[in-house]
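# Inside the fold
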Amino acid sequence: MLRWQTIHTREIGRHVHAESYVALVLSGRYEEAGDLGCFQVQAGGAVFHGRFEAHLNRFPLAGVEILN
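Residues numbered from 1 in each chain as written. Predicted model: local features only at pLDDT ≥ 70, side-chain atom pairs only at ≥ 80, totals over all residues. Heavy atoms only, no water.

Relative to the assigned elements, Gly-37 resides in strand β5 (residues 37-42). Residue Gly-37 is classed as partly exposed on the basis of its relative accessible area, which comes to 28%. Along the chain, Gly-37 and His-55 lie 18 residues apart, while their C-alpha atoms are 9.0 Å from each other. (Helix = DSSP H or I, 4+ residues; strand = E, 2+ residues; numbered from the N terminus. Buried < 20%, exposed > 50% of the residue type's maximum accessible area, 1.4 Å probe, protein only.)

Put into structure tokens, the structure is as follows:
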């Protein structure tokens, strides 16, 4: 699952992915809150997600770019 996303919303509610993946932040910043805690992630940062790990995302500004 390689997907480049530009986020245009303020929040993505709590959700679960069926497969493990890495989210690499290409530009902008956001908050990720999930099973392993709450993290502030910014450009150049990466978040590793385990299989079936639940989390939500909050975006203070639109236009965050993420490569999953």
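Additional details are given in the paragraphs that follow.
With that settled, consider the nonpolar core. By size, the foremost hydrophobic cluster in this structure holds ten residues: Ile-7, Tyr-21, Ala-23, Val-25, Tyr-30, Val-41, Val-47, Phe-59, Val-64 and Ile-66. Where this core is concerned, the elements lending two or more residues are β3 (21-27) and β8 (64-67). No other element matches the three residues that β3 contributes to this core. The contact partners of Val-47, leaving out residues within four places of it in the chain, are Tyr-21, Val-22, Ala-23, Tyr-30, Glu-32 and Val-41. (Core = buried A, V, L, I, M, F, W, Y, C linked by side-chain atoms within 4.5 Å. Contact = heavy atoms within 4.5 Å.)

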